[in-house]
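Structural characterization, general
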Amino acid sequence: MTRPVRRQSLSVASECAPLAKSGGLADVVGALPKYLDDAGWHQRVLLPAYPGVLDAVAGGGQVGDVVWEDPWLFGGRGRVRAATYAGLDLLLLDAPHLFDRFGGLYGVNGRDYGDNDSRFAALSWAAAMIAMNGTSEGWRPDLLHAHDWQAGLAPAYVKFAGGSPPPVPTVMTIHNIAFQGVFGLDQGGWLRIPLHELNHASVEYNGLISTLKAGLVHADKVTTVSPTYARELTDPQFGFGLEGVIASRAADFSGIVNGVDTQVWDPAADPAVGTPFSATSMAGKAADRAALLAEFGLDADIEGPLAVVVTRLTWQKGVDLLLDAAHVLIERGGALVVLGAGDREYEDYLHELMWRHLGRVGIYIGYNEPLSHRMFAGGDVTLVPSRFEPCGLTQLYGLRYGTVPVVASTGGLADTVVHASPEALADGTATGVQFFPNNGDSLKWALGHTADLFADRPVWEKLRATAMASPVDWSGSARQYAALYDSLVPAAG
Ligand code: ADP
């Protein structure tokens, strides 16, 4: 049987798992290409060659030739190298003057780099040029897919190049509208934005430039990462000032929920997990639970639910609500372990919580991917108290690892977890607990409800089994992206 000819797409983003990750964006960008293949689309990913990326790729994959070059890319030479790694077909933007930094992806010690406008305009520029003109290997995509503010200028640059229709169709995905890529209007010339585009109908935003807005205005299609978040984004409470722009794109705007890379997140074959388990053989999970309690130095005889939280520590994620509510879990014999990195203020909250409940609350401040896997494996409950959540991935990992999600009813959390109402418990569809509104009192209610469910073993085991059977893998959503791409690039013949 001959394989159907796949059309070609270029995805551009500032993160791509497993090479560069600060949050869910990386997981999505790294997983989608693997699943699009079966839906008729090959996808190459363009990302910056941050320090260590070229070495990691050379160690575990292949770094190929320079396939695109700009001798003066926002202050220095920029080269794009073809590469393959972990099943991904990559284009790595090697521009040391922009990306060879000592700190994190976006800044150091909690402060953004002062030249993030240039850094990500360069990424967007390279994406737009490759999308329109191809690489020196003769590869040219049929479509450009840009993610978040870091790539927002890419669809805009394509549009600025003129042509009707534009030289290549573009899709812009919002992973979190709170991050908008806002820079001074006086940077417009440097950012290669034509003077006549520095207005409200284009990139201008409250007297500044927003690269996210640029993408939202100029992409042919706009998506976000869940249907509920898509609806929420037209509401000022969630739109962070861009709700009007979203409303103006209503005809081209949709929500496609994220999935899980089930090759990476598989409790039966996860190298980070001590004792593998699966829906049909759950014994290993008890061993992983005991190991997790020991790893955090908690009491070994926890009889209530062991809740895990894996999160960036920011206002969005609502970890401060735990200060008010966690005692409900502890009083019911449960325990809590939190893995997080981010704002100092939330680290302090967590330290306070740990001191209040020594032996019952464990915290790890920092970013630790293997530990996150062990937490989803060993926990009973995945807690996600976010104030808003475009999609959320940790509740999906919770479903996959039988670590029942307890989530605020917002965005993708509302779309992916079936609340354990009396009806859903009776008809066997419940997969977790949702609470609303997101405040300390309703979180307390949710923790109490969870403890009740946990205490009834047959009910809990059914809930857990239904959670593990949830269709969280990417194939359904990849088909939706492919259908969206198809609408812009109809198949030949
Ligand atoms: P966001 O993208 O807003 O941070 P998501 O839930 O969509 O939230 O994705 C977060 C991703 O980052 C998940 O894969 C989660 O496991 C991971 N993650 C977040 N914080 C940490 C941490 N401190 N250590 C390891 N992984 C983390």
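Remember, predicted model here, so these are calculated numbers, not experimental data. Starting afresh in each chain, residues are numbered from 1 along the sequence in its written order. Since the coordinates come from a predicted model, pLDDT governs what is reported: local features require at least 70, and pairs of side-chain atoms require 80 or more to be given and counted, while whole-chain, interface and lining totals use all residues. Side-chain calculation: all heavy atoms of the structure are included, whereas hydrogens and water are not.

1. Concerning the site of the ligand
The ligand sits among 20 residues. The nearest are Lys 21, Gly 24, Asp 27, Arg 312 and Lys 317. For the ligand, an oxygen atom lies 2.7 Å from a polar atom in the backbone of Gly 24. In protein, a polar contact means a hydrogen-donor-capable atom and an acceptor-capable atom, both N or O and within 3.5 Å, with residues adjacent in sequence counting only if both atoms are side-chain atoms; elsewhere, any N or O pair within 3.5 Å suffices. Contact distances for the ligand include 2.8 Å between an oxygen atom and a side-chain N or O atom of Lys 317. Methods summary: accessible areas were calculated by the Shrake-Rupley approach with a probe of 1.4 Å, and residue burial reflects only the protein chains presented. Protein contact buries 93% of the 560 Å² of open area that the ligand shows by itself. Runs of H or I in DSSP of at least four residues are treated as helices and runs of E of at least two as strands, each being numbered from the N terminus. Of all the secondary structure elements, the ones that give two or more residues to the shell around the ligand are α1 (24–36), β15 (306–313), β16 (335–342), α13 (369–378) and α14 (394–400). Ten residue types, Ala, Val, Leu, Ile, Met, Phe, Trp, Tyr, Cys and Pro, are classed as nonpolar, four, Asp, Glu, Lys and Arg, as charged, and the remainder, Gly among them, as polar. Classifying every residue of the shell around the ligand gives 6 nonpolar, 9 polar and 5 charged. Distances are taken per atom, and a residue is near a molecule or strand as soon as one of its heavy atoms is within 4 Å of it.

2. Section: the sheet that holds strand β1 (residues 7–12)
Spatial strand order, β3-β4-β5-β2-β1-β8-β9-β13-β14: 9 strands in an open sheet with mixed pairing. Lying at the two open borders of the sheet, with one neighbouring strand each, are β3 (62–70) and β14 (253–255). Each strand of the sheet is rotated relative to its neighbour by a mean of 25 degrees, with strand direction disregarded. Pairing of strand β8 (residues 143–147) with strand β9 (residues 170–174), which is carried by 4 bridges, proceeds in the parallel orientation. Counted as the bridge partner of Ala 146 is Met 172 from β9. Should any heavy atoms of two residues lie within 4.5 Å, those residues are counted as being in contact. Whenever a helix is involved, its axis is fitted only over the stretch in contact; in every case the axis is a line through C-alpha atoms, and angles between N-to-C directions fall within 0 to 180 degrees. Helix α4 (residues 116–133) rests against β1, β2 (41–48), β3, β4 (78–85), β5 (88–94) and β8 of the sheet, and its axis sits at about 150 degrees to β2. If DSSP finds at least two bridges between two strands, the strands pair.

3. Some thoughts on the state of the cysteines
In this description, the term disulfide denotes a pair of cysteine sulfurs within 2.5 Å. According to the stated counting rule, one finds 0 disulfides in the structure shown. Lacking any disulfide linkage, Cys 16 is separated from the closest cysteine sulfur, that of Cys 391, by 17 Å. What makes Cys 16 buried here is its relative accessible area of 0%. By relative accessible area, Cys 391 is classed as buried at 1%. Relative accessibility under 20% of the residue-type maximum defines a buried residue, over 50% an exposed one, and the middle range a partly exposed one, all with a 1.4 Å probe and only protein chains included.

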